[in-house]
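One letter stands for each residue in the lines below.
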Amino acid sequence: MARNQTGKTEKRRPSGTARLNKTFQINSALIIFGIILIYVIASVILSLRKEPVTTYKVNASNINNNIICDGIAIREEKEISAGKSGYVCYFVRDGDRVAKNAPVCTIDETGTLLQSVSMVPEGTSVFSASDYLEIRSAIDTFKTGYSDNQFFQIYSFRDTIESKVLEMSNQILMKEYRTQGTALQSTVQNMSAPDSGIITYYLDGYEKLTPETLTEAHFDRSKYQRSVMKAGDIVEAGNTIYKLISTEDWSVCCKITPDQANVLLEENKLLYTINNSEIQIASNYDIIPMGDNIILQLPLNKYMIDYVEERFLTVEIILDSYEGLKVPNSAILDKDVYKVPKEYMTAGGNESDIDKLYVRTRDEKGETTVKQIEPEIYGTDEECFIIDSEGLSDEDILVKPDSQDTLAVSTLDRDKLKGVYLANKGVADFIRINVVKVGDEFTIVSDKNSLREFDNIVMDANGVKENQILY
């Protein structure tokens, strides 16, 4: 302690110490805080400006080259005319087969037969419960597949319901005719089948068509019309009252494009299905020109009775089909790889069984050194490992284990490997794929490699680099 001139005692600082400026301490804290703040703001701005990496979840799928086309059934349909005027009564169901000279219908001049059927006691149901159930099932089927874009289908539905009601009415009429027997002989004319065959009760103007006379207009379903012949209709002598198809030979004629025709010309026979049936049909075919399009004629000698009530059919021509994993074409890239002879690989000693390469290289000082590297191996063939080119340069020399033999990297066979960037772990990890079939936008790849269903891959392979952090 020392006294100053005023007599007060003052403390002395130890020698070698200095007083810190409080202002300088505050400014240092502000500078450090400012640097951190600037870094955070810059990181946020960079992250906002950075384009997000879009990923795609791999799913199992298939690609096929099948051709789906609209077809028209061409059959030998003989129109049978009424011998006299009167009310027509049918005894045979639509689509049923009849023998030669078997009764098909009657022409009732007075309407006595129909009148006797209509005189049913009040409260008595003409149709059975199963009949109503069949009609209700047809209505439900139509409602399930209805689309406003194809409103014209409602007319076909109407014809279908009318045909079903006709079938049920026919059975009632036939029962009544058998009951009254000889009492109706003077006013009723029986109409028998001139030949054996299949009976149908509709007219659509396509009866006399042949594959050569088909036009574009015939394939326009929106303009298609057909009339159904029903029990109770009044017919004039000479009018068509039913159609008889006496042969199983028929054809499905499809409209296809010239490009599709060129594809089919490579096939000796065609395999196809009709109306999504499980039955696959194999047959010969003919190609017939039709304006800007082509008629594909598929001749058949069976299955006609299954489609006798239909004029328009949907045909799927079965070509090649491929199954696997569905990958966008934009996700696929080509990676440069080397083919290294198997004898230049080693298991790497006692501590590891990972395959390694001995590489002689020069360091920055120009000195020669031999190092071990663990290359990424993508596959093998009979003689070589297919490895990643990462970590090797053309100046490097491969050294054969336990030998003085060497091999210059510049002389290795090179190839390109197709693959995608796997994004499951947030890093663009290259993974090899085996292409099964290439489509316009997607490719089907084998599911027997490392890529699995539900893996996430980079959507655009050109937008990232291998091992890039994605998120």
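Overview of the structure. (Residues numbered from 1 in each chain as written. Predicted model: local features only at pLDDT ≥ 70, side-chain atom pairs only at ≥ 80, totals over all residues. Heavy atoms only, no water.)

## Comments concerning the overall build of the chain
- Secondary structure assignment for the chain yields five helices and 35 strands.
- For the chain, the proportion of its 471 residues judged to be buried stands at 36%.
- Total accessible area computed for the chain in this model is approximately 28800 Å², and 49% of it derives from carbon and sulfur atoms. (Helix = DSSP H or I, 4+ residues; strand = E, 2+ residues; numbered from the N terminus. Buried < 20%, exposed > 50% of the residue type's maximum accessible area, 1.4 Å probe, protein only. Areas by Shrake-Rupley, 256 points an atom, 1.4 Å probe, with all protein chains shown as cover.)

## Overview of the environment of asparagine 293
- Topologically, asparagine 293 is positioned in strand 20 (residues 293-300).
- Asparagine 293 sits in the buried class, given a relative accessible area of 17%.
- If we ignore the near neighbours within four places in the chain, the residues touching asparagine 293 are Glu216, Lys255, Ile256 and Thr257. (Contact = heavy atoms within 4.5 Å.)

## A short note on the sheet that holds strand 16 (residues 250-256)
- Spatial ordering of the open sheet is given by 18-17-21-5-16-20-19, a layout of seven strands whose pairing is antiparallel. Bordering the open sheet on either side are strand 18 (281-283) and strand 19 (286-290), each of which pairs with just one other strand. Each adjacent strand pair in this sheet contributes to an overall mean axis angle of 35°, direction not counted.
- Summarising the sheet, strand 5 (residues 67-74) and strand 21 (residues 312-318) pair through six bridges and their orientation is antiparallel. What sits directly across from aspartate 70, in strand 21, is threonine 314. (Pairing = 2+ DSSP bridges. Axes fitted to C-alpha atoms, helices over the stretch in contact; angles between N-to-C directions.)

## Describing the pattern of salt bridges
- Inspection of every chain in the model, using the stated rule, returns 18 salt bridges.
- With a shortest N-O distance of 3.0 Å, glutamate 207 and lysine 243 are connected by a salt bridge. Of the two residues, glutamate 207 sits in the loop between strand 12 (202-203) and strand 13 (227-228) while lysine 243 sits in strand 15 (residues 240-245), which places them 36 residues apart along the sequence. Across the pair, lysine 243 and glutamate 207 agree in class, each one buried. (Salt bridge = Lys/Arg side-chain N within 4 Å of Asp/Glu carboxyl O.)

## Remarks on the sheet that holds strand 7 (residues 86-90)
- If you trace the four strands from one edge of the open sheet to the other, you get 10-9-7-14, paired in antiparallel fashion. The open sheet terminates on both sides in strands that have one partner only, identified here as strand 10 (188-192) and strand 14 (234-235).
- Where strand 9 (residues 103-108) meets strand 10, five bridges bridge the pair, whose relative direction is antiparallel. Across the sheet, residue isoleucine 107 finds its bridge partner in strand 10, namely glutamine 189.

## Here's the deal with the packing of aromatic side chains
- One pass over the structure, following the stated rule, counts eight aromatic pairs.
- Consider the rings of tyrosine 206 and tyrosine 224, whose centres lie 5.4 Å apart with planes at 80°: the pair is edge-to-face. Taken together, the positions of tyrosine 206 in the loop between strand 12 and strand 13 and tyrosine 224 in the loop between strand 12 and strand 13 put the pair 18 residues apart, joining distant regions of the chain. Accessibility assignment for this pair places tyrosine 206 and tyrosine 224 in one class, buried.
- Considering the side-chain rings of tyrosine 224 and phenylalanine 312, the 5.0 Å spacing of their centres and the 85° angle between planes classify their relative orientation as edge-to-face. Here the residue tyrosine 224 occupies a position in the loop between strand 12 and strand 13, and phenylalanine 312 occupies one in strand 21, the gap between them amounting to 88 residues. (Phe/Tyr/Trp six-rings, centres within 6.5 Å; stacked < 30°, edge-to-face > 60°.)

## Describing the pairing of strand 7
- Strand 7 sits mainly inside the fold: four of its five residues count as buried.
- Two strands pair when backbone bridges link them, and strand 7 and strand 14 are joined in this way by two bridges, in the antiparallel orientation. When the sheet's bridge partners are listed, glycine 86 is paired in strand 14 with valine 235.
- Across four bridges, strand 7 lies against strand 9 in antiparallel orientation. Of the residues in strand 9, the one forming a bridge with valine 88 is isoleucine 107.

## Thoughts on a nonpolar patch on the surface
- A cluster of nonpolar side chains, contributed by Ile32, Ile36, Tyr39, Val40 and Val44, occupies part of the molecular surface with about 500 Å² of accessible area.
- Following the sequence through the fold, isoleucine 32 ends up in helix 1 (residues 22-49).
- Isoleucine 32 gets classed as exposed once you look at its relative accessible area, which sits at 52%. (Patch = residues over 30% accessible without salt bridge, like charges linked within 9 Å, V, L, I, M, F, W, Y side chains within 5 Å.)

## Considering the nonpolar core
- Grouped together as the largest cluster of nonpolar side chains are 27 residues, with contacts concentrated most on Trp250, Val252, Tyr272, Ile274, Leu296, Leu298 and Ile317.
- Those elements giving two or more residues to this core turn out to be strand 5, strand 16, helix 5 (258-264), strand 17 (270-274), strand 20 and strand 21.
- The contacts of isoleucine 274, once residues within four sequence positions are left out, are Trp250, Val252, Ile281, Leu300, Tyr307, Leu313 and Thr314.
- If you look at the next biggest cluster of nonpolar residues, it comprises 19 residues, including Val92, Ala193, Tyr201 and Ile241. (Core = buried A, V, L, I, M, F, W, Y, C linked by side-chain atoms within 4.5 Å.)

## Some details on the side chain of serine 283
- Locating serine 283 in the fold gives a position in strand 18.
- A polar atom in the side chain of serine 283 sits 3.0 Å from the side chain of tyrosine 272.
- Leaving out residues up to four positions away in the same chain, serine 283 has contacts with Lys269, Leu270, Tyr272, Leu298 and Pro299. (Polar contact = N/O pair within 3.5 Å; in protein donor to acceptor, adjacent residues only side chain to side chain.)

## A look at unusual backbone geometry
- Phi at asparagine 275 is positive, roughly 55°, even though this residue is not glycine.
- Here asparagine 275 is to be found in the loop between strand 17 and strand 18.
- Of note in the backbone geometry, asparagine 276 takes a positive phi value of approximately 60° without being a glycine.
- Looking at the secondary structure, you find asparagine 276 in the loop between strand 17 and strand 18.

## Considerations on the environment of aspartate 336
- Inspection of the secondary structure puts aspartate 336 in strand 23 (residues 333-341).
- For aspartate 336, a relative accessible area of 43% gives the class partly exposed.
- Along the backbone, aspartate 336 and aspartate 388 are 52 residues apart, and their C-alpha atoms lie at a distance of 7.2 Å.
- The residues contacting aspartate 336, other than those within four sequence positions of it, are Asp388, Ser389, Asp415 and Lys416.
- Only 2.6 Å separates the side chain of aspartate 336 from the side chain of lysine 416, close enough to count as a polar contact.

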